[in-house]
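The primary structure of each chain is shown beneath.
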Amino acid sequence: MAVFDISPIVNSLNAIRQDWRTSQGRSREPGGREFPSPQALTKILDDLKGVLFPMRLGPLDLRQESEDFYIGHTLDSALHALLRQVCLELRYQTRHHGLTEPEIEARATTAVQAFAAALPDIRRLLDTDVLAAYHGDPAARSVDEVLLCYPGVLAMIHHRIAHQFYIQEFPLLARMSAELAHSQTGIDIHPGARIGPSFFIDHGTGVVIGETTIIGERVRIYQAVTLGAKRFPTDANGKLEKGLPRHPIVEDDVVIYAGATILGRVTLGKGCTVGGNVWLIDDVPPGGHVTQADSQGMQSCDPAVHSNPSPLNMTIRMSTGDT
């Protein structure tokens, strides 16, 4: 058996870690985890999915007469586990502010209570998403199939929970929740995105929705759609400015077809349609239609309100009014 001299490597890694912690102002307290755990959060999210949809995402042997008992027991366990993760994030956030442990625990308890109180509203929103997927896909045979099988619905369950973490100012827990769905579905929704009811992502792989995106009601998008930023402003020191509105606003009843890329703080007006593979950096008026000029599938649109070359050397047509 080979013998490896690992002591120099262990010592070097230790020195690098200490340099990093010093440069970042991290504590040197022995033991103890500084950050929330993705593994713990995975279990919490699985439990919350069962709480929200017990007969579909709960345990195999659950019966309807036992739903309330299961929900009560599982929710109590999940909230206590979440409380521990929120405490970790609060300690991380306030490590330079000198909060006492009782103050951290009190803030965490209040936050978890507020999260728990939001669960009924999250369930109501998710019901609208499930129905939107069922009614929006002719291949869907039942709402149960949609809930159990559709990656867009799974992504939205995670997003509705992650967005609640985000608005309660727990960005690590929010981003972890979103990335767990991203890794499973290929759908990347930043937890800061504001998404209205009855949202349907069909197929889903490759969808990207940025942090400051605002999406209205009854919006439908397809795979490989990007709602992204056009540019990233910097401050006087050349650092990126955080939190500026930089992603699209999508109003009610908009449809965005596969491969479309919409960048910047543009507005897609109510009821408009964006065709497949369009690159868009301008507003679209309510009821408008944007397509590739050479797309054979969209030729019913009025061809000539105006025409502009896109950054991908792809001509688009935009029309307003009925097709």
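Let me begin by describing the structure that accompanies this report. Per-chain numbering applies: the sequence of each chain, read as written, is numbered from 1 onward. Side-chain atom pairs in this predicted model are given and counted only at pLDDT of 80 or more, local residue features only at pLDDT of at least 70, and totals for whole chains, interfaces and linings cover all residues. Excluded from the side-chain calculation are hydrogens and water; included are all heavy atoms of the structure.

Let's talk about the environment of Met 176
Part 1 of the reasoning: Inspection of the secondary structure puts Met 176 in helix H8 (residues 171-185).
Part 2 of the reasoning: Considered as a pair, Met 176 and Gln 39 are 137 residues apart in the sequence and their alpha carbons are 10.0 Å apart.
Part 3 of the reasoning: Throughout, a residue-residue contact means that at least one pair of heavy atoms, one from each residue, lies within 4.5 Å. Not counting the four nearest positions on each side in its chain, Met 176 is found in contact with Pro 36, Ser 37, Pro 38 and Leu 41. Helix and strand assignments come from DSSP, with helices taken as H or I runs of at least 4 residues and strands as E runs of at least 2, each series counted from the N terminus.

Considerations on the sheet that holds strand S5 (residues 214-215)
Part 1 of the reasoning: Strand order across the open sheet formed by four strands is S2-S5-S8-S11, with parallel pairing between neighbours. Each edge of the sheet is formed by a strand with only one pairing partner; in this case those strands are strand S2 (194-195) and strand S11 (267-268). Being paired, for any two strands, means DSSP has found at least two bridges between them.

Considerations on the side chain of His 159
Part 1 of the reasoning: With respect to the helices, strands and loops of the structure, His 159 is situated in helix H7 (residues 151-167).
Part 2 of the reasoning: The residues contacting His 159, other than those within four sequence positions of it, are Ile 189, His 190, Pro 191, Ala 193 and Ile 195.

Notes on the sheet that holds strand S7 (residues 226-228)
Part 1 of the reasoning: Here five strands make up an open sheet; going across it, the order is S1-S4-S7-S10-S13 and the pairing parallel. In this open sheet, the two strands that pair with only one neighbour each are strand S1 (188-189) and strand S13 (279-280).
Part 2 of the reasoning: The pairing of S7 with strand S10 (residues 261-263) spans three bridges and is parallel. The residue bridging Leu 227 from the neighbouring strand is Ile 262, located in S10.

Comments concerning helix H2 (residues 38-52)
Part 1 of the reasoning: For a helix, the expected span equals 1.5 Å multiplied by the number of residues minus one. Here H2 is 15 residues long and its end C-alpha atoms lie 21 Å apart, about the 21 Å a rise of 1.5 Å per residue gives.
Part 2 of the reasoning: Those residues of H2 not exposed but buried are Leu 41, Ile 44, Leu 45, Asp 47, Leu 48, Lys 49, Gly 50, Val 51 and Leu 52.
Part 3 of the reasoning: In the core, the buried residues of H2 are packed alongside helix H3 (54-57), helix H4 (67-93), helix H5 (101-136), H7 and H8. The classification of residues rests on relative accessible area computed with a 1.4 Å probe and restricted to protein chains. Under 20% of the type maximum is buried, over 50% is exposed, and intermediate values are partly exposed.

Topic: the pattern of salt bridges
Part 1 of the reasoning: Take a side-chain nitrogen of Lys or Arg and a carboxyl oxygen of Asp or Glu: if they are within 4 Å of each other, that pair is a salt bridge. The final tally for this structure, using the stated rule, is twelve salt bridges.
Part 2 of the reasoning: Across the pair Lys 43 and Asp 47 runs a salt bridge whose closest N-O atoms are separated by 2.7 Å. Highlighted residues: Lys 43 and Asp 47, both in helix H2, separated by four residues, approximately one helical turn.
Part 3 of the reasoning: Three or more residues are tied together by salt bridges with common partners; here these are Glu 217, Arg 218 and Asp 253.

Digging into the nonpolar core
The tendency in soluble globular proteins is for nonpolar side chains to be buried side by side.
Part 1 of the reasoning: To form a nonpolar core, buried Ala, Val, Leu, Ile, Met, Phe, Trp, Tyr and Cys residues must be joined to one another through side-chain atoms within 4.5 Å. Judged by nonpolar contacts, the single largest core of 66 residues is most densely connected at Ile 189, Phe 199, Ile 209, Ile 221, Ile 256, Ile 262 and Leu 268.
Part 2 of the reasoning: Sorting the residues of this core by element identifies H2, H4, H5, helix H6 (143-149), H7, H8 and strand S3 (200-201) as the ones contributing at least two each.
Part 3 of the reasoning: Broken down by element, this core gets its largest block of residues, eleven residues, from H5.
Part 4 of the reasoning: Counting only domains with at least three residues in this core, you end up with domain 1 (33-186) and domain 2 (206-292).
Part 5 of the reasoning: Dropping the residues within four chain positions of it, Ile 262 is found in contact with Thr 226, Leu 227, Gly 228, Pro 248, Ile 256, Leu 268, Val 274 and Leu 280. Bear in mind that the domain bounds are from an automatic or database domain assignment.

Considerations on the packing of H2 against H4
Part 1 of the reasoning: Lines are fitted to the C-alpha atoms to define the axes, a helix being fitted only along its stretch in contact, and any angle between axes, read from their N-to-C directions, falls within 0 to 180 degrees. The interhelical angle for the contact between H2 and H4, taken along N-to-C directions, is 150°, at an axis separation of 9 Å. Accordingly, the angle class assigned to the pair H2 and H4 is roughly antiparallel. For H2 against H4, the interelement crossing comes out left-handed. Counting all contacts with H2, which are made through Ala 40, Ile 44, Asp 47, Leu 48, Gly 50 and Val 51, the residues of H4 involved are Tyr 70, Ile 71, Thr 74, Leu 75, Ala 78, Ala 81, Leu 82 and Gln 85.
Part 2 of the reasoning: Taken together, the residues of the contact of H2 with H4 break down into ten nonpolar, three polar and one charged. For classification purposes, angles smaller than 35 degrees are called roughly parallel, those larger than 145 roughly antiparallel, those between 65 and 115 roughly perpendicular, and all remaining angles oblique. Less than a right angle of anticlockwise turn of the near helix away from the far helix marks a crossing as left-handed, whereas a clockwise turn marks it as right-handed. Any residue that is not Ala, Val, Leu, Ile, Met, Phe, Trp, Tyr, Cys, Pro, Asp, Glu, Lys or Arg is counted as polar, Gly included; the first ten are nonpolar and the last four charged.

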